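Observations on the three-dimensional arrangement
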Amino acid sequence: MVTGDAAYIKKINRSLIIREIVKEGMISRADLSKVTALTRATISAQVADLLDEGLIVETQLEHNHVGRKPIMLSLNGQAGYALGIDLDYGQLIFYPI
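Residues numbered from 1 in each chain as written. Predicted model: local features only at pLDDT ≥ 70, side-chain atom pairs only at ≥ 80, totals over all residues. Heavy atoms only, no water.

A few words now on the pattern of salt bridges. Applying the stated criterion across every chain yields a total of 4 salt bridges. A salt bridge links Glu 53 to Arg 14; the shortest N-O distance between them is 2.4 Å. Note that Glu 53 is positioned in the loop between α3 (40-52) and β2 (56-60) and Arg 14 in helix α1 (residues 6-24), a separation of 39 residues in sequence. Arg 29 is the salt-bridge partner of Glu 58, the closest N and O atoms lying 2.5 Å from each other. Of this pair, Glu 58 sits in strand β2 while Arg 29 sits in helix α2 (residues 29-36); the two residues are 29 residues apart in sequence, bridging distant segments of the chain. With a relative accessible area of 42%, Glu 58 lands in the partly exposed category. (Salt bridge = Lys/Arg side-chain N within 4 Å of Asp/Glu carboxyl O. Helix = DSSP H or I, 4+ residues; strand = E, 2+ residues; numbered from the N terminus. Buried < 20%, exposed > 50% of the residue type's maximum accessible area, 1.4 Å probe, protein only.)

Here is the structure:
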């Protein structure tokens, strides 16, 4: 188990959430809680921060099932850019993401 101060734990939790959103493309808060093993309260607090910062967006999907429509989370494509760099002996490759 990782131990540390509250700010460090918050960064770890935030990283887990962002990693899952990137991996899945779209994911609900409930599914985030399941796959990350974080509490619903932690997910809600972190997602609220990410929404306020404009890093993620919410999308409500249409469905024909009984119950609440899931609100899906995904990365905000307008929030910024990422660049991957692969360093190898004698070779340098850039991957715009």
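From this point on, the discussion continues.
This brings us to the confidence of the model for the protein chain. Put simply, the protein chain has an average pLDDT of 86, and 91% of its residues get 70 or more. Confidence, expressed as mean pLDDT per element, reaches its minimum in the protein chain at strand β5 (residues 91-96) with 76 and its maximum at α3 with 95. (pLDDT = per-residue confidence, 0-100.)

Because an α-helix packs 3.6 residues into every turn, residues spaced three or four apart end up facing the same way. Along its 13 residues, α3 runs 18 Å from first to last C-alpha, staying within 8% of the 18 Å computed at 1.5 Å per residue. Those residues of α3 that are buried are in contact with α1, α2, β2 and β3 (71-75). Backbone geometry just after α3 places Gly 54 at a positive phi near 75 degrees. (Expected span 1.5 Å × (residues − 1). Contact = heavy atoms within 4.5 Å.)

Glancing now at unusual backbone geometry. Even without being glycine, Ala 37 reaches a positive phi, approximately 65 degrees. Looking at where Ala 37 falls in the secondary structure, it is placed in the loop between α2 and α3.

Another point: the sheet that holds β3. Read across the open sheet, the 3 strands follow the order β1-β3-β2; overall the sheet is antiparallel. Two strands bound the open sheet, and with one partner strand each, they are β1 (27-28) and β2. Taken together, the 5 bridges between β2 and β3 define a ladder with antiparallel strand orientation. Note on β3: the bridge partner recorded for Glu 58 is Leu 73. (Pairing = 2+ DSSP bridges.)

The next point concerns α1. For α1, built from 19 residues, the straight-helix expectation of 27 Å at 1.5 Å per residue is met to within 8% by its first-to-last C-alpha distance of 27 Å. Along α1, the residues that are buried comprise Asn 13, Arg 14, Ile 17, Glu 20 and Ile 21. With its buried residues spanning 130 degrees around the axis, α1 presents them on a single face. The outward face of α1, more than 90 degrees from its buried face, is lined by the exposed residues Lys 11, Arg 19, Val 22 and Lys 23. At its buried positions, α1 is contacted by β1, α2, α3, β2 and β3. Gly 25 sits one or two positions beyond α1 and adopts a positive phi of about 85 degrees. (Arc of directions from axis to C-beta.)

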